[in-house]
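Coordinate analysis (summary)
Chain by chain, the residues run as shown.
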Amino acid sequence: MTTTLPQLNSATPAEALRLLDGLYEHSPWIAEQALAQRPFVSLAALKHAMVTVLAQAGVDAQLALIRAHPELAGKAMESRSLTAESTNEQQKAGLTNCTPEELAHIQQLNAQYLAKFGFPFILAVRGPRGTGLAKREIIATFERRLGHPVDFERAECLRHIHRIAEIRLNDKFGFTPTVGNEVWDWHEDLARHSDPGFAERGELTVTYLTDAHRACAADLVAGMKACGFDEVHIDAVGNVVGLYRAGPHPNPLPEGEGAKTLLTGSHFDTVRNGGKYDGRLGIFVPMACVKQLHTASKRLPFAIEVVGFAEEEGQRYKATFLGSGALTGHFNPAWLDQRDADGVTMRQAMQRAGLPATLEAIGALKRDPLKYLGFVEVHIEQGPVLNELDLPLGVVTSINASVRHQCEAIGMASHAGTTPMNRRRDAASAVAELALFMEQRALADGDSVATIGMLQVPGGSINVVPGRCRFSLDLRAPSNAQRDALERDILARLRAIGERRGITFTTEEVMRACAAPSAPAWQARWENAVVAQGLPLHRMPSGAGHDAMKLHEVMPQAMLFVRGLNSGISHNPLESTTSDDIELCVCAFSHLLEQLSTEHR
């Protein structure tokens, strides 16, 4: 018999605790303390209450909880002394049916892990969709996590414990994230397309207008039609565009004025050997919302236009934000003559894809902002913040401003053994000093980041004081003013280091992008949508660039982030999220649509 929230909220403390028995391994105190926060408006609210209890309990209590868990395929499984919940989970993952070789390997990993960390390896073996990980995935994850630092791995274990509790909670309440599962499956299915050279290695790479890219576009067209979009087409730069028309407006509109449109979407191209959710989540979530509207035969007082942007990553050609830029009228004609690594021009690639490849056709894609309510974008976070907070959703306050420089430090190469330390002009040490200053300067400046991502000593030798050092600067901050102040301080320190050390520095600015702050009204709508799911509100800047940056130039925009797994890693095959988090995201997007509908009545 399944439990219901009203039943849990009205039960006596003892009965409520009995209803939540078994969520956390041999640790009923977590549920007991969380129940003090009743009533809960959603399962997500209940889960977060338990997350908060454990976060506040301290390291000793957290370690005790981790150590209360059995090893995977360990002695407790062999002796059949697992809890019913653990037995079910290890069975679903096939761990109760290992070959002797598999069992021996897992037990060896258990011993290595315990020796390094002092606690057992914890993995939510039912996985991000709740249906179970394959044994090969479990073993690969085990091997990978053995390389983590101890404090990081302790936190990772806790995150997996909360995921285990979430799945057990779903089972108790008879809840299945049906829509989340479907959207999760859409990502898996689209990921079967990958460019040659990567597909053979099982890596996901989809670059602009390759065969794999065109296959993705065709799948998106078919998917949008199946969801009930009224019009679906591929435009002159390869964007996939789906329109769900507005219904009759409840109030008469002025003559000649039609219903406006909400614009949303993201990109479906990928970086090389990338992840399945970057960009694509922002296409599939609104598609799921349109499917729900179509299934219910429901129309809104505004239209919904979902765009799968053909190019955002700039991988095949140096034309970042090509897809969204075409909608804002910022397509650079010079791009058509760019050549890829095989010498194919963009114009030729377009023609091979059946696109017109004319400036007239591309120029016609420019949208009239007056016909749009605004632009919203859902995106996987691509960072560790939500994952570490164990929060499914975060509201973006601004897409960071950024600036990049290519630099070189020029000192004097000399013998490493005969040049006294106080006589050196060490270019690499000068850059190292700058890097440490950048770290401290950015840390002191909330939400700013500063990175030297490229560092090279040309012709370096182990016994030579470096005479030259090439390096990059990548500086980002939530506002243009904050970025500019960060840049001024870092360049000033660079000059000071050069004067003191006798080093010459050269710098070349290679990119500058303005901040894209969220429109207050649209940010508030996302905030309302998150709170409506029973989740605490977390506001955060976006350090990465998104298509919303381009649309920001012509209309109001705001973004919603979804938590990523594996410490939020992105641009990486380990990029992932759960079907439960996707379900919450779809619900939040639907709530935003409801808010807009109410406002336009």
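Residues numbered from 1 in each chain as written. Predicted model: local features only at pLDDT ≥ 70, side-chain atom pairs only at ≥ 80, totals over all residues. Heavy atoms only, no water.

As a further point, take the pattern of salt bridges. Counted according to the given criterion, the structure contains 39 salt bridges. Linking Arg18 and Glu15 is a salt bridge whose minimum nitrogen-to-oxygen distance equals 2.6 Å. Here the residue Arg18 and the residue Glu15 both occupy positions in helix H2 (residues 13-19), the gap between them amounting to 3 residues, near one helical turn. Across the salt bridge formed by Glu153 and Arg145, the nearest N and O atoms sit 2.6 Å from each other. A relative accessible area of 0% means that Glu153 is categorised as buried. We classify Arg145 as buried; its relative accessible area is 0%. (Salt bridge = Lys/Arg side-chain N within 4 Å of Asp/Glu carboxyl O. Helix = DSSP H or I, 4+ residues; strand = E, 2+ residues; numbered from the N terminus. Buried < 20%, exposed > 50% of the residue type's maximum accessible area, 1.4 Å probe, protein only.)

So, on to the pairing of strand S1 (residues 231-234). A regular strand places its side chains so that they alternate between the two faces of the sheet. One ladder, built from 4 bridges, connects S1 with strand S2 (residues 240-244); its direction is antiparallel. Following the sheet pairing, Ile234 is matched in S2 by Val240. As consecutive antiparallel partners, S1 and S2 are separated by 5 residues, and within that stretch Gly238 has a phi angle of approximately 95°, a positive value. (Pairing = 2+ DSSP bridges.)

Moving on to the side chain of Lys47. With respect to the secondary-structure elements, Lys47 resides in helix H4 (residues 43-57). Not counting residues up to four positions away in its chain, the partners in contact with Lys47 are His162, Glu166, Leu169, Asp390 and Arg563. (Contact = heavy atoms within 4.5 Å.)

The omega torsion of the bond from Arg38 to Pro39 falls at 5°, within 30 degrees of zero and hence cis. Along the chain, Pro39 falls in the loop between helix H3 (29-34) and H4. One non-glycine residue, Asn273, lies in positive phi territory at about 55°. With respect to the helices and strands, Asn273 occurs in the loop between strand S3 (261-267) and helix H13 (281-295). Of note, His571 is a non-glycine position whose phi angle comes to about 55°, a positive value.

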